[in-house]
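# Chain and residue survey
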Amino acid sequence: MSDFSDRVREYLRESADRKLTIGRMTVSRLAIFGIAGVILVTGAVALFLMVFAKHDTGLAFARADVVNGYTYRMKDDRITYRAGNFIYTYDCARDLSTYYPVENLEGYDASSTMTIVYAGSLFQIQGAEEARTLTSGTILEVRAGRNYAALLFKTLGVERDDRFILIVDREMHSVNQISFKDSEIVAFDFLYDGSTEYLWVSTMDVGQFTEESIVRIYDCGKQGTMVHYTTPFYNQSIYNAYLSDRCLFLVGTHSIIRYDREEDGGFSAERDRVRVYGSTIVDFSAGTETAYFIAEPVAAEGEENSLVRLITISQTDDLWSNVMQKYMPSPVVGAFLYNGSICGFTKENFLQFSFAGKKLNDIEPAYTPIYAYRYGQDGFFVVTEQNCYRVTIE
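Anyway, here's the lowdown on the structure attached to this text. What you see is a predicted model; the values in this text were computed from it and never measured.

## Some details on the overall build of the protein
- Along its length, the protein carries 1 helix and 33 strands.
- Contacts spanning at least 24 positions in sequence make up 40% of the contacts within the protein whose residues lie at least 6 apart.
- Just so you have it, the protein exposes about 21,200 Å², and 51% of that area is on carbon and sulfur atoms.

In structure tokens, the structure reads:
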């Protein structure tokens, strides 16, 4: 009896051990199947996102050392802004930020190599030990070139119609003082051709029946000698100028006017005129035979713009021009010429088109842009609500 009881207990114990082993095997198999299922589901979700979701694999964002929330000026690939009693400059190409203190500042301008500030009759170029005083006038505006600066001022005690522009070198020595008596100065700035630096000045004279605009161009390296004087433009003002290897282009409120360059450093009479009424030119590039302009319509106050125009103008004796329009899916915050294409940041996308109008890129950026600027040939400076970035296309 005892042997029988022992054999029964041994059988039950072995049966329990077999059940436990089978149970463990079942749990392990279930765990393996569960993990495999999770992997399959995760892979399916990833595949769905790769196929259907928008992503920004084509844009690389790098934080720029720029304080967010200020008004920025972009000139010669350099961002300049004022914060408190400091002027900050940021070289986009070199990712280099500098600043220096200023007091009682009224205005400033900066290029890739120079920053000039002014207040009243005082002005100073960054790097100079002391400011210089204009004993004869009050400064109204300044422009920084690469080796020269220009100061618009009025003579003390004289009415508004007496204006002068003083050209100075980097050491703030006077190069030339130009009188613009009885003329309203609309715009002035610098153009470059290698080591040659030009100052262009656009003026407006208001007659009894018409407005007459004239542009004068001065060679700063030749003591500010005037090298070009346009015939008058009636009922439009010139607000910008571009220089290529072959042509000078003046941009007015109604037209782009072309002049050919001459061997003596001067410019020809007007060669061509292309109507751009209602548009603002925001970017320029020139090839051997063709010049390209990006234009945006002048939007009414409070309105946003979703249209970009490419204006193409011949630089050869065969005069022709063309205009192509592209409507963006959302308001444009920056439009540019980029490596033989048109591109633009909107509030939702980065889009790129060939000059023939074919879409090359449609990317949803990682951050929503508020403003965008182009620097160099292949970089963008993008401002968002939180930060500023240097952006490149990968």
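Picking up where we left off.
## Here we look at the sheet that holds strand S30 (residues 359-363)
- If you walk across this open sheet you meet the 4 strands as S27-S28-S29-S30, and the pairing is antiparallel. Pairing within the sheet leaves two strands with one partner each, and these edge strands are strand S27 (332-337) and S30. Strand-to-strand, the axes of this sheet are offset by a mean angle of 10°, without reference to chain direction.

## Here's the deal with the nonpolar core
- One finds Ile116, Phe123, Ile125, Ile139, Leu151 and Val168 to be the most contacted residues of the largest nonpolar core, which totals 16 residues.
- For this core, the elements supplying multiple residues, two or more each, are strand S7 (115-119), strand S8 (122-125), strand S10 (137-144), strand S11 (148-155) and strand S12 (164-169).
- In this structure phenylalanine 123 touches Ile116, Val117, Tyr118, Ala131, Arg132, Leu134, Ile139, Leu151, Val168 and Met172, once residues within four positions along its chain are discounted.

## Focus on the layout of surface pockets
- In this model, the second largest pocket occupies a volume close to 300 Å³.
- Along the wall of the second largest pocket there are 17 residues; nearest its centre are Val102, Glu103, Val117, Gln124 and Ala131.
- At the level of elements, strand S5 (96-101), S7 and S8 are the ones that each hand at least two residues to the lining of the second largest pocket.
- In terms of residue count, S8 provides more of the lining of the second largest pocket than any other element does, 4 residues in total.
- Considering only residue class, the lining of the second largest pocket consists of 12 nonpolar, 4 polar and 1 charged.

## Quick word on unusual backbone geometry
- With a phi close to 60°, glutamine 223 is a non-glycine residue in the positive phi region.
- Its place among the elements puts glutamine 223 in the loop between strand S16 (211-219) and strand S17 (225-229).
- Using a relative accessible area of 59% as the deciding quantity, one classes glutamine 223 as exposed.
- A positive phi is found at asparagine 235, a non-glycine position, where the angle reads about 60°.
- Tracing the sequence through the fold places asparagine 235 in the loop between strand S18 (233-234) and strand S19 (238-243).
- Looking at asparagine 235, the relative accessible area reads 42%, which means it is partly exposed.

## Section: the pattern of salt bridges
- Counted by the stated rule, this structure contains 15 salt bridges.
- Among the ionic pairs, aspartate 109 bridges to lysine 75, the shortest N-O distance being 2.8 Å. A residue pair is termed long-range when its members are at least 10 positions apart, and aspartate 109 in strand S6 (residues 107-110) and lysine 75 in strand S2 (residues 73-75) qualify at 34 residues. Per residue, the accessibility class of aspartate 109 equals that of lysine 75, and both read buried.
- One salt bridge in this structure joins arginine 261 and aspartate 193, with 2.5 Å as the shortest N-O distance. Taken together, the positions of arginine 261 in strand S21 (residues 255-261) and aspartate 193 in strand S14 (residues 184-193) put the pair 68 residues apart, joining distant regions of the chain.

## Details of the pairing of S12
- Of all 6 residues making up S12, 6 are buried, and the element is well covered by its neighbours.
- Judged from the 6 bridges that link them, S11 and S12 form a sheet pairing that is antiparallel. What sits directly across from leucine 151, in S12, is leucine 166.
- Direction of pairing for S12 relative to strand S13 (residues 174-179): antiparallel, over a ladder of 5 bridges. In the sheet register, isoleucine 165 faces S13, and the bridge partner there is isoleucine 178.
- Hairpin geometry of S12 and S13 is characterised by an intervening segment of 4 residues between the two adjacent antiparallel strands and by a positive phi of about 70° at methionine 172.

## A short note on the sheet that holds S7
- The strand order across the open sheet built from 4 strands is S6-S7-S8-S9, with neighbouring strands paired in antiparallel fashion. Strands with a single pairing partner mark the edges of an open sheet, and in this sheet they are S6 and strand S9 (132-133).
- Here S8 pairs with S9 via 2 bridges, running antiparallel. Within S9, the residue paired with phenylalanine 123 across the bridge is arginine 132.

## Some thoughts on the environment of aspartate 109
- On the basis of relative accessible area, aspartate 109 is assigned to the buried category, the value being 8%.
- Between the C-alpha atoms of aspartate 109 and isoleucine 125, which are 16 residues apart in sequence, the distance is 9.8 Å.
- Excluding residues that lie within four positions of it along the chain, aspartate 109 makes contacts with Arg73, Lys75, Met114, Thr115, Ile116, Val142, Arg143 and Ala144.

## Examining the side chain of serine 237
- Its place among the elements puts serine 237 in the loop between S18 and S19.
- Those residues within four positions of serine 237 in sequence are excluded, and the remaining contacts are Val186, Met204, Ser213, Val251, Gly252 and Thr253.

What counts and what doesn't
- Residues numbered from 1 in each chain as written.
- Predicted model: local features only at pLDDT ≥ 70, side-chain atom pairs only at ≥ 80, totals over all residues.
- Heavy atoms only, no water.
- Helix = DSSP H or I, 4+ residues; strand = E, 2+ residues; numbered from the N terminus.
- Contact = heavy atoms within 4.5 Å.
- Areas by Shrake-Rupley, 256 points an atom, 1.4 Å probe, with all protein chains shown as cover.
- Pairing = 2+ DSSP bridges.
- Axes fitted to C-alpha atoms, helices over the stretch in contact; angles between N-to-C directions.
- Core = buried A, V, L, I, M, F, W, Y, C linked by side-chain atoms within 4.5 Å.
- Buried < 20%, exposed > 50% of the residue type's maximum accessible area, 1.4 Å probe, protein only.
- 1 Å grid on protein atoms, 1.4 Å probe; cavity = no way out; pocket = protein on both sides within 12 Å on 5 of 7 lines; lining within 4 Å.
- Points joined across faces, edges and corners; volume = space filled by probe spheres on them.
- Nonpolar A, V, L, I, M, F, W, Y, C, P; charged D, E, K, R; others polar.
- Salt bridge = Lys/Arg side-chain N within 4 Å of Asp/Glu carboxyl O.

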